[in-house]
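Results of the structural survey
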Amino acid sequence: MNDPIFILGAHKSGTSLLRSLFDGHEKLFAIPVETHLAKYLGWWTKYPLKAQEPAHKITVKKFVDHTTGWINECNNTDDRYSDNCSKNIFNLLSFKTELAKLSDVIDERKYIEMYFSAIYASITSLQLSTDVRVVEKSVENCEHALRLKKLFPSSKFIHIIRNPYSNLVTLRKYMQKLAPSYPHLDKLIKSIRDSFYYAQNNRELIKDYMIIRYEDLVVDTEA
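Cut-offs and rules
- Residues numbered from 1 in each chain as written.
- Predicted model: local features only at pLDDT ≥ 70, side-chain atom pairs only at ≥ 80, totals over all residues.
- Heavy atoms only, no water.
- 1 Å grid on protein atoms, 1.4 Å probe; cavity = no way out; pocket = protein on both sides within 12 Å on 5 of 7 lines; lining within 4 Å.
- Points joined across faces, edges and corners; volume = space filled by probe spheres on them.
- Nonpolar A, V, L, I, M, F, W, Y, C, P; charged D, E, K, R; others polar.
- Patch = residues over 30% accessible without salt bridge, like charges linked within 9 Å, V, L, I, M, F, W, Y side chains within 5 Å.
- Areas by Shrake-Rupley, 256 points an atom, 1.4 Å probe, with all protein chains shown as cover.
- Salt bridge = Lys/Arg side-chain N within 4 Å of Asp/Glu carboxyl O.
- Helix = DSSP H or I, 4+ residues; strand = E, 2+ residues; numbered from the N terminus.
- Buried < 20%, exposed > 50% of the residue type's maximum accessible area, 1.4 Å probe, protein only.
- Pairing = 2+ DSSP bridges.
- Axes fitted to C-alpha atoms, helices over the stretch in contact; angles between N-to-C directions.
- Contact = heavy atoms within 4.5 Å.
- Core = buried A, V, L, I, M, F, W, Y, C linked by side-chain atoms within 4.5 Å.
- Polar contact = N/O pair within 3.5 Å; in protein donor to acceptor, adjacent residues only side chain to side chain.
- Phe/Tyr/Trp six-rings, centres within 6.5 Å; stacked < 30°, edge-to-face > 60°.

Here we come to empty space enclosed by the protein. Unfilled space is identified by rolling a water-sized probe across the atoms. Taken as a whole, this structure holds one cavity of 30 Å³ or more when the rule is applied. Quantified by volume, the largest cavity comes out at close to 30 Å³. Surrounding the largest cavity, Tyr47, Val139, Glu140, Cys142, Glu143, Ser191, Asp194, Ser195 and Tyr198 form its lining. Residues of the lining of the largest cavity, tallied by class, amount to four nonpolar, two polar and three charged.

Following this line, the structure appears as structure tokens:
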């Protein structure tokens, strides 16, 4: 598998829009849902809206069970506020069949490659070709960019940022739709701040790290 293209950014900053634009390219496969690699590989994550403690040991069985459960959940969701309509787009049998190729002794790169290949097979009923490059976006990946770059040396990163005020207003409205109450703003504000923090740090440390503004994307989409 070719090294992926990772889309990074906070909730409601334009990551889903950017992913959808890439989806129209014949040489790219944009995974239509967030894969949450950090969650299923047990990486310590502090991103306020997806925070988790590190897992001591990830087994093949745990990884397969958890990712299969997530894909099944996406397949059955009726959430109209989701970043993408994923209901009934995955063939769960094809997904499980592909993941069954995992062995007991593998590295994190292999986990990710097989996870992406399984998603591709479950949607297209085909094997992932070396001519096709995967595009993946998960909001918590900002803080794991260095780790992903180590696993995939030729990977590319595109980090999208948005006017913080607009980002916060949109995120607050989204959270209100999920629960009929006024959301606490602390985690929302910190998640946007984290995105800007990692955008600056990652660009200084990673060669192939591009930062774009949401406002520029919607004004001049083609560029």
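Let's pick the thread back up.
Once that is clear, we can look at a nonpolar patch on the surface. Judged by side-chain polarity, Leu17, Leu21, Val218 and Val219 come together as a nonpolar surface patch covering roughly 340 Å² of accessible area. Mapped onto the elements, Val219 comes out in helix 9 (residues 214-219). Using a relative accessible area of 71% as the deciding quantity, one classes Val219 as exposed.

Below, the discussion takes up the sheet that holds strand 2 (residues 28-30). Within a sheet, each strand pairs with its neighbour through backbone hydrogen bonds, oriented either parallel or antiparallel. Spatially, the five strands line up as an open sheet ordered 2-3-1-4-5, and their pairing is parallel. Pairing within the sheet leaves two strands with one partner each, and these edge strands are strand 2 and strand 5 (209-213). Between one strand axis and the next, the sheet turns by 20° as a mean value, whatever way the strands run. In this structure, strand 2 lies alongside strand 3 (residues 133-137), joined through three bridges in parallel fashion. What sits directly across from Ala30, in strand 3, is Val135. Relative to strand 2, helix 5 (residues 108-124) is tilted by about 90°, and along the sheet it contacts strand 1 (5-8), strand 2 and strand 3. Contacts from helix 8 (residues 185-205) reach strand 4 (156-161) and strand 5 within the one sheet, and its direction differs from that of strand 4 by about 145°.

With that out of the way, let us pick up the layout of surface pockets. Roughly 270 Å³ of volume is contained in the second largest pocket. Where the lining of the second largest pocket is concerned, the elements lending two or more residues are helix 1 (15-22), strand 5 and helix 9. Across the lining of the second largest pocket, the residue classes break down as eight nonpolar, one polar and four charged.

Time to look at the nonpolar core. Counting 40 residues, the largest nonpolar core has Phe6, Leu102, Ile112, Tyr115, Ile119 and Phe157 as the members making the most contacts within it. Of all elements in the fold, only strand 1, helix 2 (37-41), helix 3 (60-75), helix 4 (92-99), helix 5 and helix 6 (145-151) reach the threshold of two or more residues within this core. The dominant element in this core, judged by the number of residues it contributes, is helix 5, at eight residues. Ignoring anything within four residues of it in the chain, the contact list for Tyr115 reads Thr35, Leu37, Tyr40, Phe63, Thr67, Trp70, Phe95 and Leu99.

All right, on to the side chain of Lys149 then. With respect to the helices, strands and loops of the structure, Lys149 is situated in helix 6. Owing to a relative accessible area of 16%, Lys149 belongs among the buried residues under this scheme. Reaching out from Lys149, the side chain makes a polar contact with the backbone oxygen of Ser155 at a distance of 3.0 Å. Those residues in contact with Lys149 that lie beyond four places of it in its chain are Ser154, Ser155, Phe157, Ile206 and Asp208.

Below, the discussion takes up the packing of aromatic side chains. Within this structure, the stated rule accounts for nine aromatic pairs. Relative to Tyr115, the ring of Phe95 lies with its centre 6.3 Å away and its plane at 80°, an arrangement referred to as edge-to-face. Taken together, the residues span a long stretch of sequence, with Phe95 in helix 4 and Tyr115 in helix 5 at a distance of 20 residues. Neither residue differs from the other here; Phe95 and Tyr115 are each classed as buried.

We now examine the pairing of strand 1. Burial along strand 1 is two-sided: Ile5 and Ile7 and Phe6 and Leu8, pointing in opposite directions, are all buried. Looking at chain direction, strand 1 and strand 3 are connected through three bridges and run parallel. Considered in strand 3, the bridge of Ile7 is made with Lys137. Pairing geometry for strand 1 and strand 4, over four bridges, is parallel. Paired with Ile7 across the bridge in strand 4 is Ile158.

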